[in-house]
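# Residue-level structural notes
Read off the chains here:
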Amino acid sequence: MALLEYVQRKISRFGLVPRLVKSMPKISFLLALASILWLVVLPIEGQFRNTYISENALMPSQAYSFFRESEWNFLRGYRDEIYKHREDPLEERNSMLQDWMREIGYKTAILNYTNPQTGENRPTLYAIYHAPKGDDTEAIVLVAPWHTREGRFNIGGTGLGVSLAKYFHRLSIWAKNIIVVFPEDGQDTLRNWVNAYHTSLDQTGGSILSAIVMEYPSGADGIDYIELEYAGVNGQLPNLDILNTAALITDHEGMRISIHKTPRGQLWATDYSSRLTTLLHAIFDYATAGLLSPSRSGGGGSGCEAFSGWNVQALTLRAVGDGDHDITTYGRVVEAVFRSVNNLLEKFHQSYFFYLLLGPTFFVSIGNYLPASVLAAASFVVGSASSLLGNHNVNNAHMQFSPSLIVPSTSISPMVALLCFFTVLSASVLAGIRLADVTNNFPYDDLHKELYAQLTYRVCIIPSIVLSLWPTLSSYFFRLPKSKEINDVARFLNAFSLFCFAFTLIALLVFHFSLSLLISLVSLPLVFVRYGPSCDKNTRLRSTIFLISSCPFVWLFVLGIFNKTDFELDRVRNLIQYFQMNLLRKEIQSVIDWAELVDIKQLLEGPVDLLYSLISGYSRFQNWTWLFIVISWIPAWLCTLIVSCIDVECGDFEVDEEKKRR
Amino acid sequence: MPSLIPFILIISILLRFIIPTLLPNLSQLLDQSPIFSTPINSYRTLKEAVFLATNSLNPYKQGEIIHHPPILLEVFKHLQSPTLINLFFALVDTLFGLQLIKLNQQLSKKDSKHTYFPSYIIAAFYTFNPLALLATFAKSTYLINNLVIITLLNSLLSNPFSLFPYFLLALSTSLTYYSWYFIVPLLAYSSRQATNHHLPSSPIIVKGIIAFLSSLSLLTFINYKLSASSFNFIQLVYGTIVSFKKITPNLGLWWYFFTEIFEFFSAFYTAIFNLYSFIFIVPMTMRFIGPSTSTTADALFAIWCEIGFVNFSRAYPTITDLNLYFSLSMLFKPLYRKLKFPTAVSNLAMFTALLLLPVFYYVWMGFNSGNANFFYAMGLVHNLIQVLMLTDFIWSKLQIEYYDTHEIDIDKVNLKLTQI
């Protein structure tokens, strides 16, 4: 305490306070910069850790896996049969599988489900094996969707699913029940099954410890490597132990494992740049989990998102390519993960639930990466304080800061500011809920596509850009008298909205680090918006630019378009890491080629898809991203817009001085 | 402006009555949060006990659900309809606001040297105080205790020799246990006032103690009769608090220790925590009520500090206790001048911590991705802010006392006092 006071006295003796106050915008920029630097530092050797199994009971790959040559014929037989019936309606495919599963010895049932989007019937077949040795209270789930997330027929996955089910039934080791699920897709249908399992299903097998979604849309006999996806919605991740188990087992079987779409060529790389690429990919994937999807399904993710929120450790294991590893190797990976989970005596509780992966065997735990997001959110706190201390008023620029400035002349102006903020907040929440309500009434099909396109462009993106221009436009015909009250209202509204934004970001970063970080980075320009007299065209123009660059809907547009391009971060990494003129030329050429071929109309559908998955996120996957944007980002943006439009004719001091003179 | 006060109070009643009537699920929702309810004061358990009692089962003899005193159960047995209950809580909380206004008026009348908040600001503050509103919506039974304590302070200030405060203290003790700590400042204040009025102090002290003990035994007897002639309720109502039997997460400091330590340490920790919650009562009383120059405002300040400290160190703290502490802090406007952290800053910090608490709780309980450390860490931050605020007020009080005794005008001389 004494030391603090000493520092405090020194600061005030050297007159540092006014200078510190003046440099607050710089400080908040530096904080944001520091948060990026923090991230870039994480992949440096010594900053991250190697993964390890902390739950001893798991014992991955300790037992010999028998899913080998003896199972080939079963696998091939099931696969061929499924292949013959690939064009059949879902009901017939299900009944065929139901017969097989019954024959094997599973208890089967079908959950009916009508997709609210398309009105299609999508019954889900599931089969339960009540392990004779277990106490029938816990289960492990194997999911083999009929179609992969890209919409391709999951021939390898379903064939393997049935043959694994047959094989599992022969083993006598199970202490947990085994449930095999065959949903039509791994998105809405699977989610519906998961919800029903935990709420209304009659046939259940106890609480689900973990789930594995298998995807292999090829009839080939060999695979190249395995892609692992694990990010759930709302920043929920499976326990690191199960990820490690899967990674270790895959390695043990002699295959490489790819996380976050690492291409084949990088699977062996363990250098700084590959780790950084994976880190950036991870942050982006966590933040947009369940929102972006290659097929026109309006998001929905890779399958493991369907289990989010039910405390199920879910993984998606997708076999890729046509390589030298036998397809039973893929089966053995799933078998070994199942046997590891089977060994568990308690639910997953060791190890980490909050982590960032830099590679299949490298991770950073929450304590080490959280400061990045804290720094980014802190830049808004500083911005809010800076606004409260009068920095954002252009007229104050040449004046010294003094503490008397903070106190409002009347208690009415802060009240007006507060009221204004809450009005904006409630308007934004009501509009957001209304928008989300649209998805309940109108399915996202070809018939209503036009409606959603209009919603995206005419209701969201274009109006918000026009609104951003308002500070510049209004400067031509909008005047207000000089008054301390107007100054105070603008100052308090600005400070208060920024503070609330900062607060929501801080509250979010505990459980959804990546979303909080990304939003605070892209909306950072809000901190630099300043207000002043309407004749000051320069400030107004700058405000417009900052507002556009921090607008949620502009970012929706950018992200939507971005999702439709085939951008690969890895190519950028390659270009930077091995920079050569030839390489650059080649990359530029490929961009040009792409631009020539691209269909603009299809590109413009990207934002529509994204908006749909955002606003339908809560009702479909309990994804809170849209709700968060509605209660924090949009009100902060709107309040900053209002503030930048107010005509503030004088500095906060001048009015005081005038009053004294009078 | 004074004409505004009845108007504000009417708004206060309406606000506290209409919102829970319109949103009947609100109280249930809030009651499930550890921030609003603990096993000791949960409205849910009270309702269950009322149900049992009306079905001729005695909740004090069978089972361990209820930790409310039998008197309270008797009151709520007669308040069965939701409208009546809502009205009851709205009235209790508004009466609290009214008492706060009166207290402020009395204080500003007695202490002419300093300026206090005008009554309408206190009224408006209390009416729209989110802590008070939420506590009322959660139907926390501690609201009744808060009302008793503030009435006690009021009657103590208006007549230091009356025995009514001792009766109220006994009532409050029978409601929440911890209030008996305040017998120390009460007796000290009475004896101080007696000396100031040149009266012998020992008869007053003896009378006070007798009044307190006799009314406490009367209340215990009533409780005993109400719970069908059984002393089980003492174990249930007070024993649970003292020995911290129900270990559930709450805002306080205790629960984490008891979940982590070995069983055989728990007696030791119970003793230490109970001692800790009491240990500052005597010194604070001696410092602020002891000196011959001490005034009514000083006595009130001492009691407020003790309330703050007990809040921080009690076994089952909730927002409702915090509400008492926060509301009373409005009375010490003269101290605001010398605070290290302006009240706006400390309140903002407090509210940020309070809003983050449910988030951390959800990460632990809802998501299952966090653990107990998350919630406890946030609870620690919350308690730290509370204690910082308390020490800040004490420091400001000491400074102002120094200026007053040395007759230095703070407006004219720019002095900075420092601790050494």
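Being a predicted model, the structure only gives us computed values, none of them experimental. Counting of residues starts from 1 at the beginning of each chain's written sequence and follows it residue by residue. Whichever chain is written first is A, and whichever ligand is written first is 1; the rest continue in order. Whole-chain, interface and lining totals are the exception, using all residues; otherwise, since this is a predicted model, local features are given only for residues with pLDDT of at least 70 and side-chain atom pairs are given and counted only at 80 or more. Derived side-chain values reflect all non-hydrogen atoms in the structure, with water molecules and hydrogen atoms excluded from consideration.

## As for the overall build of chain A
Each helix and strand in chain A was counted, giving 23 helices and eleven strands. With the radius of gyration taken over C-alpha atoms, the globule rule is written as 2.2 Å times the number of residues to the power 0.38. Expected size for 662 residues packed as a compact globule is a radius of gyration near 26 Å; at 28 Å, chain A falls within 12% of this value. Each principal axis of the C-alpha distribution contributes one length, and for chain A these read about 100 × 60 × 60 Å. The buried share of chain A, reckoned over its 662 residues, is 57%. We call two residues in contact when some of their heavy atoms are within 4.5 Å. In chain A, 83% of the contacts between residues at least 6 apart in sequence involve partners at least 24 apart. With 54 positive and 61 negative side-chain charges, chain A shows a separation of 10 Å between the mean positions of the two kinds. Secondary structure follows DSSP: runs of H or I at least 4 residues long count as helices, runs of E at least 2 residues long count as strands, and numbering of each begins at the N terminus. Relative accessible area decides the class of each residue, using a 1.4 Å probe on protein chains only: under 20% of the type maximum gives buried, over 50% gives exposed, and in between gives partly exposed. Two residue types count as positive, namely Lys and Arg, and two as negative, namely Asp and Glu; His and chain ends fall outside the count. Taken as the charge centre is NZ of Lys, CZ of Arg, CG of Asp or CD of Glu, depending on the residue.

## Let's talk about the interface of chain B and chain A
Tallying the contact residues gives 16 residues for chain B and 15 residues for chain A. Here the quantity called buried area is the total loss of accessible area, with a 1.4 Å probe, experienced by two parts when brought into contact, counted for both. A per-residue breakdown of the area chain B buries against chain A is headed by B:Phe367, B:Asn368 and B:Ser369, which together make up 31% of the total. Under this definition, polar contacts are N or O atom pairs within 3.5 Å; protein pairs additionally need one hydrogen-donor-capable and one acceptor-capable atom, and for neighbouring residues in sequence, both atoms have to be side-chain atoms. The interface formed by chain B and chain A contains zero residue pairs in polar contact (both at pLDDT 80 or more). Among the elements that take part in the side of chain B that touches chain A, helix H18 (residues 343-365) of chain B stands out by supplying eight residues, more than any other. Considering only residue class, the side of chain B that touches chain A consists of nine nonpolar, six polar and one charged. Under the scheme applied here, ten amino acids are nonpolar (Ala, Val, Leu, Ile, Met, Phe, Trp, Tyr, Cys and Pro), four are charged (Asp, Glu, Lys and Arg), and all others, including Gly, are polar.

## Some points on empty space enclosed by the protein
Residue and element names in this part refer to chain B. Whether a set of points on the 1 Å grid over the protein atoms alone is a cavity depends on a 1.4 Å probe fitting there but being unable to get out, while an open set qualifies as a pocket with protein on both sides within 12 Å along at least five of seven lines; lining residues are those with an atom within 4 Å of a point. Grid points are joined across faces, edges and corners, and a volume is the space filled by probe spheres set on the points. Tallied over the entire structure, the rule returns ten cavities of 30 Å³ or more. Of the volumes computed, that of the largest cavity is approximately 110 Å³. What lines the largest cavity is a set of 13 residues, and nearest its centre among them are Asn145, Ile149, Phe182, Arg314 and Leu324. If you list the elements that add at least two residues to the lining of the largest cavity, you get helix H8 (142-158), helix H16 (296-313) and helix H17 (319-329).

## Details of unusual backbone geometry
One non-glycine residue, A:Ser61, lies in the positive phi region at around 60°. In this structure, A:Ser61 sits in the loop between strand S1 (49-50) and helix H4 (69-84). Even without being a glycine, B:Glu407 presents a positive backbone phi close to 50°. Structurally, B:Glu407 can be placed in the segment after helix H19 (372-405).

## A closer look at the domain arrangement of chain A
All names here are of chain A. All domain edges in this entry derive from an automatic or database-based domain assignment. On domain assignment, one finds that chain A holds domain 1 (14-44 + 368-661) and domain 2 (64-342). Placing the centre of domain 1 and that of domain 2 at their C-alpha centroids yields a distance of 39 Å. Between domain 1 and domain 2, the contact holds 35 residues from the first and 35 residues from the second. Interface area, domain 1 with domain 2, both sides summed: about 3200 Å², of which 59% is carbon and sulfur. Summed over the three residues of domain 1 that lose the most area to domain 2, namely Pro43, Arg620 and Phe621, the buried surface amounts to 21% of that side. Criterion for a salt bridge: a side-chain nitrogen of Lys or Arg within 4 Å of a carboxyl oxygen of Asp or Glu. In this structure, the connection of domain 1 to domain 2 is made through one salt bridge.

## Brief notes about the sheet that holds strand S11 (residues 362-365) of chain A
Residue and element names in this part refer to chain A. Strands are labelled as partners when DSSP assigns at least two bridges between them. The three strands lie next to each other as S1-S11-S10, forming an open sheet whose pairing is antiparallel. The two strands at the open ends of the sheet, each matched to only one other strand, are S1 and strand S10 (355-359). Judged from the four bridges that link them, S10 and S11 form a sheet pairing that is antiparallel. Across the sheet, residue Tyr355 finds its bridge partner in S11, namely Ser365. Here helix H11 (residues 366-388) sits on the sheet and contacts S10 and S11; the angle it forms with S11, its principal contact strand, is near 65°. Every angle, taken between N-to-C directions, lies between 0 and 180 degrees, and every axis is a line fitted to C-alpha atoms, over only the stretch in contact when it is a helix.

## Describing H16(B)
Taking 1.5 Å as the rise per residue, H16(B) with 18 residues should run 26 Å; its terminal C-alpha atoms sit 26 Å apart, in good agreement. Summarising burial for H16(B): 18 of the 18 residues are buried, a large majority. Expected span of a helix, by definition, is 1.5 Å for each gap between consecutive residues, and there is one gap fewer than residues.

## Thoughts on the packing of aromatic side chains
What counts as a ring pair is set by centres within 6.5 Å for rings of Phe, Tyr and Trp (its six-membered ring), and what kind of pair is set by the plane angle: stacked under 30 degrees, edge-to-face over 60, tilted for all other angles. Applying the stated criterion across every chain, the model contains 89 aromatic pairs over all chains. Here the aromatic rings of A:Tyr457 and A:Phe557 are separated by 6.2 Å at their centres, their planes lie at 80°, and the arrangement is edge-to-face. With A:Tyr457 in helix H13 (residues 449-474) and A:Phe557 in helix H17 (residues 552-564), this pair connects stretches of sequence that are 100 residues apart. Since its relative accessible area comes to 28%, A:Phe557 is described here as partly exposed. One aromatic cluster is present, formed by B:Phe117, B:Phe288, B:Phe301, B:Trp304, B:Tyr325, B:Phe326, B:Phe332, B:Tyr336 and B:Phe393 through successive ring pairs. Only when the NZ of Lys or the CZ of Arg is both within 6 Å of the ring centre and within 35 degrees of the ring normal is a charge said to sit over the ring. The ring centre of A:Trp146 lies 4.9 Å from the NZ or CZ of A:Arg93, which sits over that ring. Seen from the ring of A:Phe492, A:Arg491 lies directly overhead, with NZ or CZ sitting 5.1 Å from the centre.

## Quick notes on the pairing of strand S7 (residues 222-229) of chain A
Residue and element names in this part refer to chain A. Counting buried positions over the eight residues of S7 gives eight, a clear majority of the element. In this structure, S7 lies alongside strand S9 (residues 313-326), joined through seven bridges in antiparallel fashion. For Glu229, the partnering residue across the bridge sits in S9 and is Thr316. Both S7 and strand S8 (residues 257-259) contribute to a ladder of three bridges, which runs parallel. Paired with Leu228 across the strands is Ile259, a residue of S8. Orient the strands so they point away from the viewer, and a crossover whose first-strand-to-second-strand path over the helix runs clockwise is right-handed. With helix H8 (residues 240-252) bridging S7 and the parallel S8, this β-α-β connection has right-handed handedness.

## Examining a nonpolar patch on the surface
A patch consists of residues whose relative accessible area exceeds 30% and which take part in no salt bridge; residues with like charges are grouped when within 9 Å of each other, and nonpolar side chains (Val, Leu, Ile, Met, Phe, Trp, Tyr) when within 5 Å. Shrake-Rupley sampling with a 1.4 Å probe provides the accessible areas, and residues are treated as covered by the protein chains on show and by no other component. Side chains of A:Ile465, A:Leu469, A:Trp470, A:Leu473, A:Tyr476 and A:Phe477 sit close together on the surface and give an oily, nonpolar patch of about 610 Å² of accessible area. If you trace the backbone, A:Trp470 turns up in helix H13.

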